[in-house]
Amino acid sequence: MRAADPLTLAYAQGRVTARDRAWQLEVERHRSQGSTAAFLGPEAVAWDTFARQVRLDDTARRCFEALDPDTAAWVRAYADGVGDGLAEGAARDPRFAASGLVPTPWQPWVPLGVWLSTHILFAGFPTKLWRDRVGRALGDACLTLFATDGPGTAGSNGWLVPGDRTATGAAVLAGDPHRFIEDPGVYQQIRLACPEFDVVGLAVPGVPGLGHFGHTGTVAWAITNAMADYQDLYVEQLRRDEGDGRGTTALGPDGQWHPVHRHTETVTVAGGDDVEIEVLETDRGPVVIDGPDRTVSLRHPPRVRADLGFATLRALLAARTVADVDRAVDGWAEPVNVVHAADTEGGLLHRVAGAVPLRHPANRLRPVPAWDPAYVWQGWAPMPAEPVQGFAVMANARGIAAPLGVEFAPPHRADRIRDLLSGSADWSAADMARIHNDTHLASAAPVLALLGTLSGLTPAAEQLRRRLLAWDRHMAADSTDAAAFAALRTAFARRLAGDAEFKELTDPPAGPEVFHPWLHLLPRVGYALEGLLTTSLLPRLDRAAHLRGALEDIADRPHDTPWSATHRLAPWQALPDPDAVWPGLAGDHDCVNASSSVPGVTDLAARGSAARFVWDLARREDSLWVVPLGADGVPGSAHHLDQLPLWAQGELVPVVTDWARLTKESA
């Protein structure tokens, strides 16, 4: 898109996005407002209840009202463009008629609501509920026993190759954000050009600008999840309204009882009865659990500071150097990210950006008492930065952001990327696909080491044992050994989860349904398998016996189908298409090619690379990218799924920047 000025360009971005992604935009708007059940039915009530109780829409409105005038005008222009394009977009998409959804113009704060609803669970605060449950069952020493990149969280790969290690002498940035794969996709390939700037990158539909991944021609940037902990849960003491005129109050850290905001809202449900919910907010924040056992509130920076960092989105578009990017992300807030940047002058950047409160270490681990002054926030943490020495790699592992978090991804992806990059000193943009597509599974090592100690097996189990010990440890799409290992891992995780050590964690999760993905034992065991094999905290856990049993459980099955036969893409769709056929994939959770299944539960991959990109600082036109589905969000359109085969095979396509090579296509 080209326009005469930034405001006209923001309007154009909104309007074009609405034409291509009207269904996606309206689903996201309703998610931020807690009104999806009105057209998606009873299954959406759990999310709508949470969205209203956590006050997503109200927080977005507050953050918009706190914007500086220039940023507010820019966001408003985008929202106006969306509103003016929705009718055309809805007419192209049959899902509107199928669901009865009628699009409506956007309020100017809706882009902030879309961003907030996308990221409110991103930092995984429900993990604190899980740790609390573990502590009660196994003791406080085991609070982080299951620490790993668990269900519902998201990560990314990113790496920066300085110019002294590339064929051109200019830096290369590459990576891929790992998120739930959705249809339509969560990233939008786009170019935004006006006299003030010319930027190519990956936008979040519903949000103006290019906040995560962009290339202006002279500087490029990319982010990954820093795995920081910046959301706290507080156990509240409430005195309910007793008709004495004081209303509902909560005990504060000053020993006084303070008023609690309280009102009711109604969730409209298509095909079901309306649901009335109570919305409560204490001085800490909105109440997200109000059950018979306890009341829990959520405190998070956007609600406290009325700031999502949207001024950064606008500032990044005008960046020319690494110093410009650095200054821009100083104002970032939500979520907390690790940032890489490089420019054509040789500038390099590796830092963390976002808002993390300073508070008691216990706040990071589990819900804490709201009435205790020890757990009050005490300001904001400084954001770490490091000089780039050699390759800079970010893959959610413990590293630059370690002072800000508790649980990080295992180091395997980061270590593997460094090892692969160390194999050459003349990298090119085209070479980066070799990194993106790597399928080595380092986390298999502890399982295979224990497997090597087993003896006295049945002939079939012994044969399978020897086969797996000879496996190259690559989760290649065509590998039958990879599929056999996955089958063993599933059986092993299920046996471990059934051990008496974990009996107090086997009950179905209680509390709000939206938190349940963090509270099931089996996925937690599957993701933490490596740590459970090496911890000294469970002396009675007979790991060898469980692995022996798992091996015997699957030994007589045929193991002649490739990994991709069961490891298939399973994207989220607001209106599921029962006839959709999705491709088989290579990779796995701890591979660089992180197409993530849930070990012990399913081989299907709901998460993976929501985009792949390579930014070349020598020549922007040599940059590459791909998204899982396509640029258009409308089923049946020419560009809805045209990139899917390329993405599934690990291929990248050129970023075309020559206007003369671009032609208008009519649907």
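You'll find the structure just up there.
Structure report, in brief. Note that the coordinates shown come from a computational prediction; the quantities given were computed from them, not determined experimentally.

Taking 1.5 Å per residue, 12 residues should reach 16 Å; helix 8 (residues 127-138) reaches 16 Å between its end C-alpha atoms and fits that length. Within helix 8, 10 of the 12 residues are buried, leaving the element largely enclosed by the surrounding structure. Three or more residues of helix 8 are buried, namely Thr127, Lys128, Leu129, Trp130, Arg131, Asp132, Arg133, Val134, Gly135 and Ala137. The positive-phi residue at the C-terminal boundary of helix 8 is Gly139, with phi of around 100°.

Time to look at the sheet that holds strand 6 (residues 219-225). Two orientations exist for strands paired in a sheet by backbone hydrogen bonds: parallel and antiparallel. Here 6 strands make up an open sheet; going across it, the order is 3-4-5-6-15-16 and the pairing antiparallel. Either end of the sheet is taken by a strand with one partner, and the two such strands are strand 3 (188-194) and strand 16 (348-353). Direction aside, neighbouring strands of the sheet carry axes that sit 15° apart on average. Sheet topology places strand 5 (residues 213-215) next to strand 6; 2 bridges connect them, and they run antiparallel. If you follow Gly214 over to strand 6, its bridge partner there is Trp221. Helix 1 (residues 6-33) rests against strand 3 and strand 4 (197-203) of the sheet, and its axis sits at about 155° to strand 3. Against the sheet, helix 11 (residues 322-329) contacts strand 6, strand 15 (337-343) and strand 16, and its axis sits at roughly 5° relative to strand 16.

Before going further, it helps to spend a moment on the pattern of salt bridges. Within the structure shown, the criterion is met by 44 salt bridges. With its nearest N and O atoms 3.1 Å apart, the salt bridge here joins Arg294 to Asp132. Linking Arg294 in the loop between strand 13 (287-290) and strand 14 (295-299) with Asp132 in helix 8, this pair joins segments that are 162 residues apart in sequence. A salt bridge links Glu278 to Arg262; the nearest nitrogen and oxygen atoms lie 2.4 Å apart. With Glu278 in strand 12 (residues 275-281) and Arg262 in strand 11 (residues 261-267), this residue pair connects regions lying 16 residues apart in the sequence. On the basis of relative accessibility, which here comes to 42%, the residue Arg262 falls in the partly exposed class. Here the salt bridges do not stand alone but share partners, grouping Arg55, Asp58, Arg61, Arg62, Glu65, Glu281 and Arg303 into one network.

Turning our attention to the packing of helix 1 against helix 7 (residues 110-119). Two elements in contact, helix 1 and helix 7, have axes whose closest approach is 8 Å; the angle formed by their N-to-C orientations is 75°. By the angle between their directions, the pair helix 1 and helix 7 is classed as roughly perpendicular. When helix 1 is examined against helix 7, the residues Glu28, Arg29, Ser32 and Gln33 are found in contact with a partner set consisting of Val110, Gly113, Val114, Ser117 and Thr118. The residue makeup of the contact of helix 1 with helix 7, split by class, is 2 nonpolar, 5 polar and 2 charged.

So, about the packing of aromatic side chains. How two aromatic rings sit relative to each other is given by the distance of their centres and the angle of their planes. Counted by the stated rule, this structure contains 15 aromatic pairs. Between Trp115 and Phe310 the ring centres are 6.2 Å apart and the planes differ by 90°, which places this aromatic pair in the edge-to-face class. Taken together, the positions of Trp115 in helix 7 and Phe310 in helix 10 (residues 310-317) put the pair 195 residues apart, joining distant regions of the chain. Its relative accessible area of 2% is what places Trp115 among the buried residues. A residue is classified by how much of its surface remains accessible, and Phe310, at 0% relative accessible area, is buried. The aromatic ring of Trp659 is capped on one face by Arg2, whose charged end is 4.1 Å from the ring centroid. Taking the ring centre of Trp377 as reference, the NZ or CZ of Arg299 above it sits at 4.7 Å.

Attention shifts here to the nonpolar core. Phe50, Phe146, Val325 and Phe515 are the most contacted members of the largest nonpolar core, which has 189 residues in total. Per element, the largest residue contribution to this core is 12 residues, and it comes from helix 16 (residues 480-497). With residues near it in sequence (within four places) discarded, Phe146 still touches Trp130, Val134, Glu407, Phe502, Leu505, Leu521, Arg524, Val525, Ala528 and Leu532.

Cut-off values and rules
Residues numbered from 1 in each chain as written. Predicted model: local features only at pLDDT ≥ 70, side-chain atom pairs only at ≥ 80, totals over all residues. Heavy atoms only, no water. Helix = DSSP H or I, 4+ residues; strand = E, 2+ residues; numbered from the N terminus. Expected span 1.5 Å × (residues − 1). Buried < 20%, exposed > 50% of the residue type's maximum accessible area, 1.4 Å probe, protein only. Pairing = 2+ DSSP bridges. Axes fitted to C-alpha atoms, helices over the stretch in contact; angles between N-to-C directions. Contact = heavy atoms within 4.5 Å. Salt bridge = Lys/Arg side-chain N within 4 Å of Asp/Glu carboxyl O. Parallel < 35°, antiparallel > 145°, perpendicular 65-115°, else oblique. Nonpolar A, V, L, I, M, F, W, Y, C, P; charged D, E, K, R; others polar. Phe/Tyr/Trp six-rings, centres within 6.5 Å; stacked < 30°, edge-to-face > 60°. Lys NZ or Arg CZ within 6 Å of the ring centre and 35° of its normal. Core = buried A, V, L, I, M, F, W, Y, C linked by side-chain atoms within 4.5 Å.

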